[in-house]
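Listed below are the residues making up each chain.
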Amino acid sequence: MRAFAFTSILFMIVSMSASANSSFGTKTIKTIYFHDSGQLRILFNESPTHSEDCTSKAIYVLPESNKHFDQMLAGLMAAMYSKSSVSGWVNGCESHSVHTYPKITRLDLLSN
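Residues numbered from 1 in each chain as written. Predicted model: local features only at pLDDT ≥ 70, side-chain atom pairs only at ≥ 80, totals over all residues. Heavy atoms only, no water.

Colleague: Is there a simple way to think about the state of the cysteines in this case?
Modeller: Here, disulfide denotes a covalent bond that connects the sulfur atoms of two cysteines. In this structure the tally under the stated criterion is one disulfide. Each sulfur of the disulfide joining Cys 54 and Cys 93 lies 2.0 Å from the other. With the S-S bond torsion at -95 degrees, the cross-link from Cys 54 to Cys 93 turns out left-handed. Pair noted here: Cys 54 is in the loop between β2 (40-44) and β3 (59-62) and Cys 93 is in strand β4 (residues 85-96), with a separation of 39 residues, a long-range link. We classify Cys 54 as buried; its relative accessible area is 6%. (Disulfide = S-S within 2.5 Å. Helix = DSSP H or I, 4+ residues; strand = E, 2+ residues; numbered from the N terminus. Buried < 20%, exposed > 50% of the residue type's maximum accessible area, 1.4 Å probe, protein only.)

This is how it looks when you write it as structure tokens:
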């Protein structure tokens, strides 16, 4: 019984530290750029609000491996130029050199 209790407590502690699919809230886009590493990076006007444990909280990455990459990029660009808001989710961190960046997994395009 003690082993079961210990295992259960250990599992709860490990589960609490894992971040999965955290909302980044509603934001407007300041900058979209392709880094020389090949990453598409997004910087929002508002402060970061997600709970991913990446070294860079404010710069987000849209991985090219995302099956909706083209549609999401088109949506991000349209939102930036129309000054519309977006919201969505990030999950995990994409690494480059010594930094890690939150990966966008869901994007909601909002009307003004």
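Colleague: When you look at the nonpolar core in this model, what are you seeing that I'm missing?
Modeller: Where a protein is soluble and globular, its nonpolar side chains tend to be buried together. Among the nonpolar cores identified, the biggest contains 18 residues, and Phe 24, Ile 29, Ile 32, Ile 42, Leu 62 and Ile 104 are the most heavily contacted of them. Counting only elements with at least two residues in this core, the list comes to β1 (22-34), β2, β3, α2 (69-82), β4 and β5 (99-109). With six residues, the single largest contributor to this core is α2. When sequence neighbours within four positions are dropped, the list of residues in contact with Leu 62 reads Leu 40, Ile 42, Phe 69, Met 72, Leu 73, Leu 76 and Ile 104. (Core = buried A, V, L, I, M, F, W, Y, C linked by side-chain atoms within 4.5 Å. Contact = heavy atoms within 4.5 Å.)

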